[in-house]
Amino acid sequence: MIFGQILDPQSFTYTYVVAKRPGGEALLIDPVLENTKQYVSLIDQLDFKLVIAVDTHTHDDHITALGALRGLTNCATAMGEMTKADCVSVRFSDNDKLRIDDIHLQILYTPGHTEDSYSFLMADRVFTGDTLLIRDTGRTDFHNGDPAAQYDSLFGKLLKLPTETLVFPAHDYNGMTVSTIGEEMRYNPRLQVADKQAYIDLMHSHNEPYSRDLTASAKRSCGYKSAA
Ligand SMILES: [Fe+2]
């Protein structure tokens, strides 16, 4: 398998490229609009055919490259079933599968950070979006975020994966690139809670005032630059 992790230095977003072999099909996870040329150039250099670009959820801190990539490469673009983004050609739901060559990704519905948050599980790794970050979890105070749902996504799904499963999040602000489920169970301070209510209380104590225009950011989800 060929695997790449590309950092967007503005938003600290990680974009992932997955392919089986040079000349084969490729998948991009959470591409950032400003880096579209970089992705297309990499895909050309490695002789990949970009067949699908996916977002783990509606991002608020950057504009997705899904629409731009579809225009340039004719790839499929995928997000969860409740997305209203018109640049999306495939809508998935819990337990659906994505396939490129013989690589399979199982889709796990993991709401909480947003109501349209999904994780993607491969044989040895999971792409956790903003549901599970390294030593952190995604905020739950906008885009219909819900700390109770996030607790269920974490403790009912992600933390039930084998402890050696590699964790690749959508962001890291401290330079960390990868973790494991076992590492996060042990050392992630937000996972050291007695029960769901304790997690809800913890998340409420961490949510900070949000200053950006959420309506405008939602409109940008397909790559439309907002005046805001
Ligand atoms: Fe997010």
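So, a few notes on the structure that sits alongside this text.

Conventions we followed
- Residues numbered from 1 in each chain as written.
- Predicted model: local features only at pLDDT ≥ 70, side-chain atom pairs only at ≥ 80, totals over all residues.
- Heavy atoms only, no water.
- Salt bridge = Lys/Arg side-chain N within 4 Å of Asp/Glu carboxyl O.
- Helix = DSSP H or I, 4+ residues; strand = E, 2+ residues; numbered from the N terminus.
- Pairing = 2+ DSSP bridges.
- Donors = N, O, S within 2.8 Å, 3.2 Å for Na, K, Ca; no water.
- Axes fitted to C-alpha atoms, helices over the stretch in contact; angles between N-to-C directions.
- Contact = heavy atoms within 4.5 Å.
- Buried < 20%, exposed > 50% of the residue type's maximum accessible area, 1.4 Å probe, protein only.
- Arc of directions from axis to C-beta.
- Parallel < 35°, antiparallel > 145°, perpendicular 65-115°, else oblique.
- Left-handed = near helix turned anticlockwise from the far one by under 90°.
- Nonpolar A, V, L, I, M, F, W, Y, C, P; charged D, E, K, R; others polar.

For the structure shown, the criterion picks out eight salt bridges. Among the ionic pairs, Lys196 bridges to Asp152, the shortest N-O distance being 3.1 Å. Placement of Lys196 in helix α5 (residues 196-206) and of Asp152 in helix α3 (residues 147-156) is noted, with a sequence separation of 44 residues between them.

In terms of strand pairing, strand β10 (residues 125-129) meets strand β13 (residues 166-169) through four bridges, oriented parallel. Bridge pairing in β13 places Val126 opposite Val167. Bridge count for β13 against strand β14 (residues 179-180) is two bridges, and the pairing is antiparallel. Across the sheet, Val167 pairs through a bridge with Ser179, a residue of β14.

Around the iron ion, the protein contributes the donor atoms His57 (NE2), His113 (NE2) and Asp130 (OD), at 2.1 to 2.3 Å from the metal centre. All donors of the iron ion come from a single chain, and their spacing in sequence reads H-x55-H-x16-D. Here His113, found in the loop between β8 (103-109) and β9 (118-121), pairs with Asp130, found in the loop between β10 and β11 (132-133); they are 17 residues apart in sequence, far enough to count as distant.

Moving on, we come to the sheet that holds strand β3 (residues 25-29). Hydrogen bonding along the main chain pairs the strands of a sheet, whether they run parallel or antiparallel. The strand order across the open sheet formed by six strands is β1-β2-β3-β4-β5-β6, and the pairing between neighbours is mixed. Each edge of the open sheet carries a strand with a single partner, namely β1 (2-8) and β6 (90-92). Direction aside, the axes of adjacent strands within the sheet are offset by 20° on average. With four bridges joining them, strand β2 (residues 13-19) and β3 adopt antiparallel strand pairing. Counterpart to Val18 in the pairing with β3 is Leu27. Against the sheet, helix α1 (residues 36-45) engages β1, β2, β3 and β4 (49-54), with an angle of about 160° to β1. Most of the contacts of helix α2 (residues 66-73) go to β4, to which it runs at about 160°, and overall it touches β3, β4 and β5 (76-80).

The α-helix advances 3.6 residues per turn, and as a result positions three or four apart in sequence lie on the same side. Within α1, burial applies to Thr36, Tyr39 and Ile43. One side of α1 holds all its buried residues, which, seen down the axis, span an arc of 65°. Exposed and facing more than 90 degrees away from the buried side of α1 are Lys37, Asp44 and Gln45. Following α1 by one or two positions, Asp47 has its phi on the positive side, about 60°.

The subject of this paragraph is unusual backbone geometry. You will see that Asn95, though not glycine, has its phi angle at about 75°, which is positive. Along the chain, the position of Asn95 falls in the loop between β6 and β7 (97-100). Even without being a glycine, Asp101 presents a positive backbone phi close to 45°.

With that settled, consider the packing of α3 against α5. The description of two helices packed together rests on the angle between their axes and the distance between the axes. Between α3 and α5, the shortest axis-to-axis distance is 9 Å and the interhelical angle comes to 125°. The orientation of α3 with respect to α5, classified from their angle, is oblique. Here the hand of the crossing between α3 and α5 comes out right-handed. Here Pro147, Ala148, Gln150, Tyr151, Asp152 and Leu154 of α3 come into contact with α5, specifically with Lys196, Tyr199, Ile200, Met203 and His204. A breakdown of the residues in the contact of α3 with α5 according to their chemical character gives seven nonpolar, two polar and two charged.

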